[in-house]
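# Secondary and tertiary structure notes
If you want the building blocks of each chain, they are given just below.
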Amino acid sequence: MHTWLAHLSLAYVAVSAGTVLAQRSPPAIERPTLDAPADDAEKRAAITALARVDAPPVGLMIVQPLASQFAAGLPVIRADSGRELVARHLLVRPRASEGLLSSEFDSAPANPSPLHALLDQWLGPAPSLDVRELSPGTTTAALQPLIDEGWALVALVEQPARREGATLVVGAQRAGVRWLPALPQAAVRGELATSPVSEALRQRLLADPTEHWRLWLLTGEDPSAADAAAPAADRDEAATQDPDSLLARAIAQRDIARLALALSTLQQEDAPLHARFVRRLSLQAALGDGLVLPVWPAGQALQSLWEDAADTRISPARRAQRIARWLGEQPLGAAWVQQDAQPLQAAPSPRGPAAYRAMLQLVNLDDAAQVAWLRIADGLQPAPELEPLAPLAHRQVVVPHASGEQPGASSLRAPSTRAVLGLGTWSFATPLLLAPARAMPPALGLGTLRTDLSLQRWLAGDSGAEASAGSAGLGATLLRIVDGNGPAWWLVVQLPSDSRAGSPQGAGAAWRVRVELGPQRTRIEADATRDLPVGAVLDAQPEAPALWLRVPPQAMASGELLLGLTLEHAGQRASWPRALVPWQAEPSQARISLAAWDVEAR
């Protein structure tokens, strides 16, 4: 997901807001002047050209000067006429987090609704900025250490009374101005799909200024429009508003005005291409369980695309070619593995379940029906025939596997079955953990837990990010220990480093571990707020806390263990043997053969 600072990544960026600064400078401001008067032809000729500034229909512009260019402190910003414009100078940088399972997420709302939490996992946390307002007398010497720490210098600037002139003068440099037109009264737009999550999605978009353009595209709602129509007294009061709010509204209004220009221009030049572009920008699809969720593209590459689409200096043919090429690069579909090894009979027997199956989910993201297909490498069953898949529909695809006809893998890193699922020319290849891994002394490392898939990782066919405890990934281990009560199997789950505590009720971030065992998915739960279950031990080493769980004998009645687990910590979830989608309640399970342990131990 793009951050607010990505919107300010050019040397100079213009943004509007629905509020205006008062027609007076803040009190007690002494502003530096240009090195030469406005009529000094020699000095004016030396002013260098900078990137274009986009000026929206009403309100504020945001100018991002390069601090190193201003030896005399904060720059004066003037209109073409030479009139000095009212400005508030800010330092801005993204608010950082330290990993997907970092305690940084403890700052999130304590009890978000399940739908809001789902959207945060799917779309990623809403971006946020640290913003500092500078006093007028701030010097370059005081600025430079902050710039070196990653702060960007920007200015909230009141537009000239009349929208005229081709440039702004910023310090001793010049930036071209593009005056964006008023928003069109009518435009072809997307539609906010009706589903249980639709209102939560609307609130999410409304709360994120970098996504207000998407809300406008879906509903026609412009959250900043009311500010533009506010009475003069209210607008004067806005001059004292906190810079965070002004900057947020400015970013939102700039993006809406720029996108409106891009779409209205494209609609006049190529209406069918315009309709396809709008559809992809607002794409939503049914993903099971009654959920219709966003599956639209995001990121800085998208920002650059529609910035170019709004550039009137690009020829219509070149603009259409660029957008058509981008649309052609978007995936026709998406897929994920829901279950790796689901037994076809729930009750274990001395010989074990007769057969297993893997279950995958497939979604058509195209605006036409697509031929669905499946290939199985190293599998013993023929791939089932698949029917064409309707636009924006999803389907469960089953991959069968017969037990006992294929040797188990020597480790979980060597799966025996590989499936390739496709729609038309698009494909998704993934290993399936259908054959059992062999547990052998001294222990079977299960690998790293992976955080829930986000929209961007899902679209890219990614397997999910490793859950991190500092520099090392969080993982789990299966081993057998013989004590006074005889041999017992233990599952050891590594906990995040800030889970350290002498007891589950001790200090440290909250955590919860869920383990699902056997065909009947017997669940064992342990968390930081309750006493540990019977057969559980918390190893509270400061650098490597871990939870030890004794595996119940009944879960291994067939000589094989089906195992899946999740770890929740600081508002995030990670799972094994593979990443889950945020709306998936149960983890996948992998097969582990226990028979080889005694043979190898001899």
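Heads up: the structure comes first, above all this text.
Calculation rules
- Residues numbered from 1 in each chain as written.
- Predicted model: local features only at pLDDT ≥ 70, side-chain atom pairs only at ≥ 80, totals over all residues.
- Heavy atoms only, no water.
- Helix = DSSP H or I, 4+ residues; strand = E, 2+ residues; numbered from the N terminus.
- Polar contact = N/O pair within 3.5 Å; in protein donor to acceptor, adjacent residues only side chain to side chain.
- Contact = heavy atoms within 4.5 Å.
- Axes fitted to C-alpha atoms, helices over the stretch in contact; angles between N-to-C directions.
- Parallel < 35°, antiparallel > 145°, perpendicular 65-115°, else oblique.
- Left-handed = near helix turned anticlockwise from the far one by under 90°.
- Nonpolar A, V, L, I, M, F, W, Y, C, P; charged D, E, K, R; others polar.
- Phe/Tyr/Trp six-rings, centres within 6.5 Å; stacked < 30°, edge-to-face > 60°.
- Buried < 20%, exposed > 50% of the residue type's maximum accessible area, 1.4 Å probe, protein only.
- Pairing = 2+ DSSP bridges.
- Salt bridge = Lys/Arg side-chain N within 4 Å of Asp/Glu carboxyl O.

## Side note on the side chain of Glu560
With respect to the helices and strands, Glu560 occurs in strand E28 (residues 560-569). A polar contact of 2.7 Å, which involves the side chain of Glu560, links it to the side chain of Tyr356. Of note is the side chain of Glu560, whose polar atom sits 2.9 Å from the side chain of Arg591. Not counting the four nearest positions on each side in its chain, Glu560 is found in contact with Tyr356, Pro436, Ala555, Arg591, Ile592 and Ser593.

## Regarding the packing of helix H5 (residues 212-219) against helix H8 (residues 243-269)
Between two packed helices, what matters for the description is the angle formed by their axes and the separation of those axes. Packing of H5 against H8 brings their axes to within 8 Å, and their N-to-C directions diverge by 45°. Relative to H8, the element H5 lies oblique. Taken as a pair, H5 and H8 cross one another with a handedness that is right-handed. For the pair H5 and H8, contact is made by His212, Trp213, Trp216 and Leu217 and by Ala252, Asp255, Ile256, Leu259, Ala260 and Leu263, respectively. Looking at the contact of H5 with H8, its residues break down into eight nonpolar, one polar and one charged.

## Considerations on the packing of aromatic side chains
This structure, assessed with the given rule, holds seven aromatic pairs. Ring plane angle 65° and centroid distance 5.2 Å describe the contact between Trp122 and Trp458, whose orientation is recorded as edge-to-face. Residue Trp122 is located in helix H2 (residues 114-123), and its partner Trp458 is located in helix H12 (residues 455-459); the two are separated by 336 residues in the primary sequence. Each member of the pair Trp122 and Trp458 is classed as buried. Geometrically, the ring pair formed by Trp336 and Trp458 is tilted, given 6.0 Å between the ring centres and 55° between the ring planes. Of this pair, Trp336 sits in strand E11 (residues 333-343) while Trp458 sits in helix H12, and the two are 122 residues apart along the sequence. Summarising the burial analysis for this pair, Trp336 and Trp458 share the class buried.

## Some remarks on the sheet that holds strand E2 (residues 60-63)
Overall, antiparallel pairing links the four strands, which are arranged E2-E6-E4-E5 in an open sheet. With one partner strand each, in any of the chains shown, E2 and strand E5 (129-133) form the two edges of the open sheet. The average undirected angle you get between the axes of adjacent strands in this sheet is 30°. Pairing of E2 with strand E6 (residues 152-158) involves four bridges; the strand directions are antiparallel. When the sheet's bridge partners are listed, Leu60 is paired in E6 with Glu158. Contacting E2, strand E4 (87-94), E5 and E6, H8 runs over the sheet at an angle of about 120° to E5.

## Section: the pairing of strand E15 (residues 417-423)
Counting buried residues along E15, six of its seven residues qualify, which places the element largely inside the surrounding structure. Looking at chain direction, strand E13 (residues 372-377) and E15 are connected through six bridges and run antiparallel. The partner of Ala377 across the bridge, within E15, is Arg418. Counted along the chain from E15 to the antiparallel partner strand E16 (residues 426-432), the turn is two residues long, and its residue Gly424 has a positive phi close to 55°.

## Observations regarding H2
Every buried residue of H2 is listed here: Leu118, Leu119, Gln121, Trp122 and Leu123. Turning to H2, the residues buried within the fold contact helix H4 (198-207), strand E10 (292-294), H12 and strand E29 (572-576). A positive phi of about 90° marks Gly124, the residue just after H2.

## Brief notes about the side chain of His212
With respect to the helices and strands, His212 occurs in helix H5. Assessed through its relative accessible area of 8%, His212 is described here as buried. Excluding residues within four positions of it along the chain, His212 makes contact with Leu205, Leu206, Pro223, Ala252 and Ile256.

## Notes on the sheet that holds strand E22 (residues 475-483)
Whenever strands of a sheet pair, they do so through backbone hydrogen bonds, lying parallel or antiparallel. Strand order across the open sheet formed by five strands is E18-E22-E23-E27-E26, with antiparallel pairing between neighbours. The open sheet terminates on both sides in strands that have one partner only, identified here as strand E18 (444-448) and strand E26 (536-539). Looking at each pair of strands side by side, their axes are set apart by 25° on average, direction ignored. In terms of strand pairing, E22 meets strand E23 (residues 486-494) through eight bridges, oriented antiparallel. Each residue of the ladder has a partner; that of Ile481, found in E23, is Ala488.

## Notes on the packing of helix H10 (residues 300-309) against helix H11 (residues 316-329)
Put simply, H10 and H11 touch, their axes get as near as 10 Å, and they point 155° apart. Relative to H11, H10 is oriented roughly antiparallel. Here H10 and H11 pass one another in a crossing that is left-handed. Side by side, H10 and H11 meet where Leu302, Ser304, Leu305, Asp308 and Ala309 of the first sit next to Arg319, Arg322, Ile323 and Trp326 of the second. Per-class residue counts for the contact of H10 with H11 are five nonpolar, one polar and three charged.

## Some words on the pattern of salt bridges
Evaluated as defined, the whole model comprises 22 salt bridges. Across the pair Arg214 and Glu211 runs a salt bridge whose closest N-O atoms are separated by 3.1 Å. This pair shows no difference in class: Arg214 is buried, exactly as Glu211 is. For the salt bridge of Glu586 with Arg521, the shortest nitrogen-to-oxygen distance reads 3.6 Å. Residue Glu586 is found in the loop between E29 and strand E30 (590-593), and its partner Arg521 is found in the loop between strand E24 (511-517) and strand E25 (522-527); the two are separated by 65 residues along the sequence. In this structure Glu586 comes out as partly exposed when scored by relative accessible area, which is 36%.

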